[in-house]
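Each chain, letter by letter, is given below.
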Amino acid sequence: MKTYSAKPLELERTWWVIDAEGLTLGRLASEIANILRGKQKPQYTPNVDTGDFVIVVNAEKVRVSGSKNTTKLYRRHSHYPGGLKTVKFCDMIANRPHKVLEIAVKGMLPHNTLGRQQFQKMFVYAGAEHPHAAQKPVSYQFVKEGAK
């Protein structure tokens, strides 16, 4: 038998809508990364972008466990001496809630050209509204923690 390898032109992509309200940041980000990579599909091929599009709404209502709300830090450096900038999670979620989820998902994708291509299929919105109604997105049922 020959091994099947997916071709980019023969793939069907679905648009998913995920409501992030009350979900844990890391668990949500790993689920989104799997959808973007296409790992839930039977024709998954590691070197081809087989993933779907993801629309995340209510990003401002994502939660973190423990005391990460006040202790988790986001760091970036300008590559100049003394250029380290640090922002707390609570400040980031208040000012730029979409960025929190983007940073978490981007870290879970491959760090190469394929990962950048997959990351472009994610759209994050702080509120409950999104402008992608023309794509007819389907609601994604995320299994919440504690629900069995």
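Residues numbered from 1 in each chain as written. Predicted model: local features only at pLDDT ≥ 70, side-chain atom pairs only at ≥ 80, totals over all residues. Heavy atoms only, no water.

So, the packing of aromatic side chains
Following the criterion strictly, the structure yields 3 aromatic pairs and no others. Between the aromatic rings of Trp-15 and Phe-123, the centroid separation amounts to 5.7 Å while the plane-to-plane angle is 10°, which identifies the pairing as stacked. Highlighted residues: Trp-15 in strand 1 (residues 15-19) and Phe-123 in strand 5 (residues 122-124), separated in sequence by 108 residues. What makes Trp-15 buried here is its relative accessible area of 15%. Summarising the aromatic geometry, the rings of Trp-16 and Tyr-140 are spaced 5.4 Å apart at their centres and angled 85° between planes, so their arrangement reads as edge-to-face. With a gap of 124 residues between them, Trp-16 in strand 1 and Tyr-140 in the segment after strand 6 (138-139) connect regions that are remote in the sequence. Linked through ring pairs, Trp-15, Phe-53 and Phe-123 together constitute an aromatic cluster. (Phe/Tyr/Trp six-rings, centres within 6.5 Å; stacked < 30°, edge-to-face > 60°. Helix = DSSP H or I, 4+ residues; strand = E, 2+ residues; numbered from the N terminus. Buried < 20%, exposed > 50% of the residue type's maximum accessible area, 1.4 Å probe, protein only.)

Digging into the pattern of salt bridges
Counted according to the given criterion, the structure contains 2 salt bridges. Linking Lys-41 and Asp-52 is a salt bridge whose minimum nitrogen-to-oxygen distance equals 2.7 Å. Pair noted here: Lys-41 is in the loop between helix 1 (25-37) and strand 2 (53-57) and Asp-52 is in the loop between helix 1 and strand 2, with a separation of 11 residues, a long-range link. Of the two residues examined, Lys-41 and Asp-52, each falls in the buried class. In this structure, Lys-121 engages Asp-49 in a salt bridge whose closest nitrogen and oxygen atoms are separated by 2.6 Å. Here Asp-49 lies in the loop between helix 1 and strand 2 and Lys-121 lies in the loop between helix 5 (113-119) and strand 5, a separation of 72 residues in the sequence. Overall, the relative accessible area of 6% leaves Asp-49 in the buried class. (Salt bridge = Lys/Arg side-chain N within 4 Å of Asp/Glu carboxyl O.)

Side note on helix 1
Relative to the 18 Å expected for 13 residues at 1.5 Å per residue, helix 1 spans 18 Å between its end C-alpha atoms, a close match to the ideal helical length. If you check which residues of helix 1 are buried, you get Leu-25, Leu-28, Ala-29, Ile-32, Ala-33, Ile-35, Leu-36 and Arg-37. One or two steps after helix 1, the chain reaches Gly-38, where phi turns positive at roughly 90°. (Expected span 1.5 Å × (residues − 1).)

Some points on the sheet that holds strand 5
As summarised here, the arrangement of the 4 strands in space is 5-2-1-6, forming an open sheet in which the pairing is parallel. Of all strands in the sheet, those bounded by a partner on one side alone are strand 5 and strand 6. Judged from the 2 bridges that link them, strand 1 and strand 6 form a sheet pairing that is parallel. Note that in strand 6 the partner of Trp-16 across the bridge is Val-138. The strands that helix 4 (residues 97-106) touches are strand 2 and strand 5; relative to strand 5, the one it contacts most, it runs at about 155°. (Pairing = 2+ DSSP bridges. Contact = heavy atoms within 4.5 Å. Axes fitted to C-alpha atoms, helices over the stretch in contact; angles between N-to-C directions.)

All quantities given are derived from atomic positions and should not be read as evidence of function.
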